Amino acid sequence: MTMPPMGPGWPPWQASPGYPPPGQPPVYPPAGYPPPGYPPGYPAQPGYPSYPPPGAPYGYPGYPGYPGQPMALQPGVIPLRPLSLSDIFNGAIRYVRANPKATLGLTAAVVVITQLFGLFIQVGPLAATGNLDAMLTSADNAGAMALSSITSFVGFLVNALGALLLTGMLTVVVGRAVFGTPISVGEAWDRIRGRLLPLIGLVALEAVGAAVIVGAVAAVIAGIAMAGNGYAAAALGIPLGLATFALLIWLYTMLSFAPIAVVLERKRVFAALSRSFALVRNGFWRVLGIRLLAAVVVGAVSTAVSMPFAIVTMVMASASSLSTTAVIIAATANTVGAIIGQIVTTPFSAGVDTLLYTDRRIRAEAFDLVLRSGAVSAMPGAGTDQLWLTGP
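Below you will find a few notes about this structure.

Criteria and thresholds
- Residues numbered from 1 in each chain as written.
- Predicted model: local features only at pLDDT ≥ 70, side-chain atom pairs only at ≥ 80, totals over all residues.
- Heavy atoms only, no water.
- Helix = DSSP H or I, 4+ residues; strand = E, 2+ residues; numbered from the N terminus.
- Expected span 1.5 Å × (residues − 1).
- Buried < 20%, exposed > 50% of the residue type's maximum accessible area, 1.4 Å probe, protein only.
- Salt bridge = Lys/Arg side-chain N within 4 Å of Asp/Glu carboxyl O.
- Phe/Tyr/Trp six-rings, centres within 6.5 Å; stacked < 30°, edge-to-face > 60°.
- Lys NZ or Arg CZ within 6 Å of the ring centre and 35° of its normal.
- Axes fitted to C-alpha atoms, helices over the stretch in contact; angles between N-to-C directions.
- Parallel < 35°, antiparallel > 145°, perpendicular 65-115°, else oblique.
- Left-handed = near helix turned anticlockwise from the far one by under 90°.
- Contact = heavy atoms within 4.5 Å.

Side note on helix H1 (residues 85-98)
Helix length check: H1, at 14 residues, gives a terminal C-alpha distance of 20 Å against a target of 20 Å (1.5 Å per residue), a fit within 8%. When we look at burial in H1, the residues that qualify are Asp87, Ile88, Phe89, Gly91, Ala92, Tyr95 and Val96.

This is the structure in structure tokens:
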């Protein structure tokens, strides 16, 4: 179709190849054809994308950095897919913000009770025998030092049991937070109450195993040294000590999910140990790296929080003459710093371990499919708790 000339000296208007005449709607070629203007049969040039048909959704499927699939389902604190490091750390913070009463409130209650009870156990016997200064300095009285060591060990056991109970209850809270379901303190206690004995047995077994390993190595080195060969003891002790340290790190990583399996999967002690080995086996370095990074973060935050109280303790301990009041102030400041540090860091540590366990199940067992179906069809609350179970 031609149009009359636009003016004197203008050539007649001609329609360009590939474009429709004026007044007619454009005609798009099907997907995969070259852009308009190419002669029929001329292939598209390399580097030029094919054009989608009219009405196709806008996007960049196939291009790096532009995912073509929809976002993963996220009913709770994490997306239900394999997790990245930022997913794990962010989820460990989000579940605290989503349910502060069952995390910070529960943590504060357990930590305050156990720390104050431990402080009473340490201070009471020493104050009754008049050896209170043995808490901060070395005493000439061997009996006072022995009593101080015993009370410190008993206080450590009390705090360890409190931390074990708290970690188990926080694991239940994280398990619900994955589905965006809140949980009360009473419900968390009901879930953890029947798992306390397996948890205590698991921790005791791990402690005994570590003590046996370290004791056997120390006995071998001491036996060689007592035989009169100090050089052989040093030559054997250094590589043997390094090998023992590596073995303990390996066991620490391989058994890291056993407490979570006791709580969420309701496994027995040895079944939980086997379960942890199976989950960590093909992801050892990732599990170790994330746990070490979380430990560095927790240590830095705990040190920063407790530093003012540690300064008070050091000032009181360095006084020329220790009074009963100074010792009590120093012990109290040390306890308050420990309480605040645990309240801040314990929920984060429990969240990282539980979400890392969830990530390993997703990667090893396609557990995200179970979580997605459960997020849609399971009953909120106790119904989602059943999704963590394995086996009959």
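Brief notes about the pattern of salt bridges
All chains considered together, the criterion is met by 13 salt bridges. In this structure, arginine 176 and aspartate 385 form a salt bridge, with 2.8 Å as the shortest nitrogen-oxygen distance. With a gap of 209 residues between them, arginine 176 in helix H3 (residues 142-177) and aspartate 385 in helix H12 (residues 382-385) connect regions that are remote in the sequence. Judged on exposure class, the residue arginine 176 and its partner aspartate 385 are both buried. Arginine 372 is the partner of aspartate 368 in a salt bridge, and the nearest nitrogen-oxygen pair spans 3.5 Å. Placement of the pair is aspartate 368 and arginine 372 together in helix H11 (residues 367-377), with a separation of four residues, close to one helical turn. On the basis of relative accessibility, which here comes to 31%, the residue arginine 372 falls in the partly exposed class.

Concerning the packing of aromatic side chains
Scanning the entire structure with this criterion turns up seven aromatic pairs. Aromatic pair tryptophan 250 and phenylalanine 277: ring centres 5.6 Å apart, planes at 65°, arrangement edge-to-face. Remark: phenylalanine 277 occurs in helix H8 (residues 269-280) and tryptophan 250 occurs in helix H6 (residues 230-254); sequence separation between them is 27 residues. Assessed through its relative accessible area of 36%, tryptophan 250 is described here as partly exposed. Exposure remark for phenylalanine 277: the relative accessible area of 25% places this residue in the partly exposed category. The ring of phenylalanine 367 has arginine 361 sitting right over it, with the charged end atom 3.9 Å from the ring centre.

Observations regarding the packing of helix H5 (residues 196-226) against H8
One way to put it is that H5 packs onto H8 with a least axis distance of 9 Å and a crossing angle of 65°. Taken as axis vectors, H5 and H8 run roughly perpendicular relative to one another. The interaxial crossing formed by H5 with H8 has right-handed handedness. Here H5 contributes Pro198, Gly201, Leu202, Leu205 and Glu206 to the contact with H8, which in turn contributes Val269, Phe270 and Leu273.

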